[in-house]
Amino acid sequence: LKKKIIFIHHGGAIGGAPISMLNLISSLDNDIYKPLVIFTNPGPIVEIAEKKNIKTKVLNIKSIFFYGMHVKIRFRMLFNFVFYFNETNKIISDLIKKEKPSLIYLNTSVLVTPAIVAKKNKIPLVWSIREVPGRNKILRGWHLNKIKKLSDHILVTSDYVGNYFDATKNISVLYNSINIDEYKINKKKYRDIIRQEFRIPNDDIVIALIGSVQKVKGHYLLIESAKEVLKSHNNVRFLIIAGGVNNQYKVSWKGRIKSIFNLPYDNLERMKRLITKSNINKNFIFSGYRNDIPKVLACVDIIVFPSLLPEGFGRPIIEGMAAGIPVIASDTGPSEEILGKNSGILIPPNNPSKLTKALQYLISDFGARVKMGKFGIKRIFDRFNSTDTVKSFNKIIESCIAE
């Protein structure tokens, strides 16, 4: 019989965490393993999983410990975590009884309740910690202690995240990785195709920011730098690769209330309003959700990753490197660990003037862009090649099930 593995991911949106998880699932031997992916919300990432022929199910898991470096302590979170604990306990218990998994894999640190249920049912647990823990020492200590006690093996996405845990034999650094074959495309062909799609002139410089629009990820900071950059370089386009709310949300009661009071539906629309207010609309392009990142990046000259706070792993950094594009990243968290010294430029976080200077330098120096891009490709081969990552992942899965 095939060994069933249940993968659980919080949310349904596209992001580095679920994409990395799906890449790992795709590496499993179908003759040995039978994966089932549980998402806690419907969304575009569910559709991507289904297109990869991965069996999926959406379960409304509400008992979530939603706290970390990017998420402030909220009473509502603590209330929901406790109030919905029994309900979530039953949902996960029923799932385990029905599916009889050989192992459960959790793809985010917020899934404390499913971890407790897995432990209670004596199911081996591999827990991937992709976020930087929160600042509050009491909550952080409790959270990290739960992760250590409930996990059979802990996966962290960087040494930076791993440093929050005491040295233990059941912890491994498993970097997010790149399938290099996906980036072996005719770049000139797709450069022309994507630029035609977005109506970008051939000679314009394209600067891209990948990921859901959030203040903490530096989207609004980029607007401040863009205003300065455009004063001296008007042939620059800023490509925001991110999705927003769908029409279903707009006609929901929340959406209707926001519409009545002329409030933005989400951060994406808030960003668009700020751009309009700054009168730089013609220099910004919003792509919506994309699942063809290698092709889209063929039209890009510079990647920016201006996160204000540390992240567990910045996937846009390796996506830019794999595409041979220089990356400007905030020097926070594991950014230097990922980018290295020669594949781009590290700048202080939350510093629009430094971001502006770095952008102006790369806009003006084609040679520097090419040189950094080549270093980036080599670094992907050396450190973030999916071939090496999936080998490590498969060994860990085999070991935990065997034990």
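Right, let's walk through the structure included here. Since we're looking at a predicted model, the values are computed, not measured.

## Some words on the overall build of the chain
Okay, step 1: Looking only at helices and strands, one finds 18 helices and 13 strands in the chain.
Okay, step 2: Here the C-alpha atoms of the chain give a radius of gyration of 21 Å, agreeing with the 22 Å that 2.2 N^0.38 yields for 403 residues.
Okay, step 3: When its C-alpha atoms are laid out on the principal axes, the chain stretches across 60 × 50 × 40 Å.
Okay, step 4: Across the 403 residues of the chain, 53% fall into the buried class.
Okay, step 5: Total accessible area on the chain stands at roughly 19,300 Å², and carbon and sulfur atoms take up 52% of it.
Okay, step 6: Put simply, the chain has 62 plus and 33 minus side-chain charges, and the middle of one group is 5 Å from the middle of the other.

## Observations concerning the nonpolar core
Okay, step 1: With 36 residues, the main nonpolar core has Ile8, Ile104 and Trp127 as its most contacted residues.
Okay, step 2: Look past the residues within four positions of isoleucine 104 in its chain and what remains in contact with it is Ile6, Ile8, Ile96, Ala118, Ile123, Pro124, Leu125 and Val126.

## Structural notes on a positive patch on the surface
Okay, step 1: On the surface, Lys2, Lys34, Lys55 and Lys98 cluster together to form a positively charged patch.
Okay, step 2: Its location among the elements puts lysine 98 in helix α4 (residues 85–99).

## Some details on a nonpolar patch on the surface
Okay, step 1: Taken together, Trp253, Ile257, Ile260, Phe261 and Leu263 make up a surface patch of nonpolar side chains, about 620 Å² in accessible area.
Okay, step 2: Of note, isoleucine 260 is situated in helix α11 (residues 253–260).
Okay, step 3: Looking at isoleucine 260, the relative accessible area reads 66%, which means it is exposed.

## Describing the packing of aromatic side chains
Okay, step 1: One pass over the structure, following the stated rule, counts 14 aromatic pairs.
Okay, step 2: Both rings, one in phenylalanine 65 and one in phenylalanine 81, keep their centres 5.4 Å apart while their planes meet at 70°; by these two values the pair is edge-to-face. You can see phenylalanine 65 sitting in the loop between β3 (55–58) and α3 (75–83) and its partner phenylalanine 81 sitting in helix α3, a full 16 residues away along the chain. As far as the burial class goes, phenylalanine 65 and phenylalanine 81 line up, both buried.
Okay, step 3: These aromatic residues form a ring-pair network of at least three members: Phe75, Phe79, Phe83 and Tyr84.
Okay, step 4: Directly above the ring of phenylalanine 286 sits lysine 272, whose terminal nitrogen or CZ lies 5.1 Å from the centroid.

## Considerations on helix α5 (residues 112–120)
Okay, step 1: For α5, the set of buried residues is Val112, Thr113, Pro114, Ala115, Val117 and Ala118.
Okay, step 2: Packing partners of the buried residues in α5 comprise β1 (3–9), α3, α4, β4 (103–106), β5 (125–129) and α6 (137–150).
Okay, step 3: Phi turns positive one or two residues past the end of α5, at lysine 122, with a value near 60°.

## Focus on the side chain of serine 330
Okay, step 1: Secondary-structure assignment places serine 330 in strand β12 (residues 327–330).
Okay, step 2: Serine 330 gets classed as buried once you look at its relative accessible area, which sits at 1%.
Okay, step 3: Here the side chain of serine 330 touches serine 307 through a polar contact of 2.8 Å, landing on its backbone oxygen.
Okay, step 4: When neighbours within four sequence positions are excluded, serine 330 is seen to be in contact with Phe305, Pro306, Ser307, Ser335, Leu346, Ile347 and Pro349.

## Here we look at the packing of helix α1 (residues 16–26) against helix α2 (residues 44–51)
Okay, step 1: The interhelical angle for the contact between α1 and α2, taken along N-to-C directions, is 15°, at an axis separation of 11 Å. With respect to their mutual orientation, α1 and α2 come out roughly parallel. Crossing geometry of α1 relative to α2 is assigned as right-handed. When α1 is examined against α2, the residues Pro18, Ile19 and Leu22 are found in contact with a partner set consisting of Ile45, Ile48 and Ala49.

## Regarding the pairing of strand β2 (residues 33–39)
Okay, step 1: Counting buried residues along β2, six of its seven residues qualify, which places the element largely inside the surrounding structure.
Okay, step 2: Sheet topology note: the β1/β2 ladder contains seven bridges and is parallel. Of the residues in β2, the one forming a bridge with phenylalanine 7 is valine 37.
Okay, step 3: Remark: the β1/α1/β2 crossover connection has right-handed handedness.
Okay, step 4: Pairing geometry for β2 and β3, over four bridges, is parallel.

Calculation rules
- Residues numbered from 1 in each chain as written.
- Predicted model: local features only at pLDDT ≥ 70, side-chain atom pairs only at ≥ 80, totals over all residues.
- Heavy atoms only, no water.
- Helix = DSSP H or I, 4+ residues; strand = E, 2+ residues; numbered from the N terminus.
- Rg over C-alpha atoms; globule rule 2.2 N^0.38 Å.
- Buried < 20%, exposed > 50% of the residue type's maximum accessible area, 1.4 Å probe, protein only.
- Areas by Shrake-Rupley, 256 points an atom, 1.4 Å probe, with all protein chains shown as cover.
- Lys, Arg positive; Asp, Glu negative; His and termini not counted.
- Charge placed at Lys NZ, Arg CZ, Asp CG, Glu CD.
- Core = buried A, V, L, I, M, F, W, Y, C linked by side-chain atoms within 4.5 Å.
- Contact = heavy atoms within 4.5 Å.
- Patch = residues over 30% accessible without salt bridge, like charges linked within 9 Å, V, L, I, M, F, W, Y side chains within 5 Å.
- Salt bridge = Lys/Arg side-chain N within 4 Å of Asp/Glu carboxyl O.
- Phe/Tyr/Trp six-rings, centres within 6.5 Å; stacked < 30°, edge-to-face > 60°.
- Lys NZ or Arg CZ within 6 Å of the ring centre and 35° of its normal.
- Polar contact = N/O pair within 3.5 Å; in protein donor to acceptor, adjacent residues only side chain to side chain.
- Axes fitted to C-alpha atoms, helices over the stretch in contact; angles between N-to-C directions.
- Parallel < 35°, antiparallel > 145°, perpendicular 65-115°, else oblique.
- Left-handed = near helix turned anticlockwise from the far one by under 90°.
- Pairing = 2+ DSSP bridges.
- Right-handed = clockwise from strand over helix to strand, strands pointing away.

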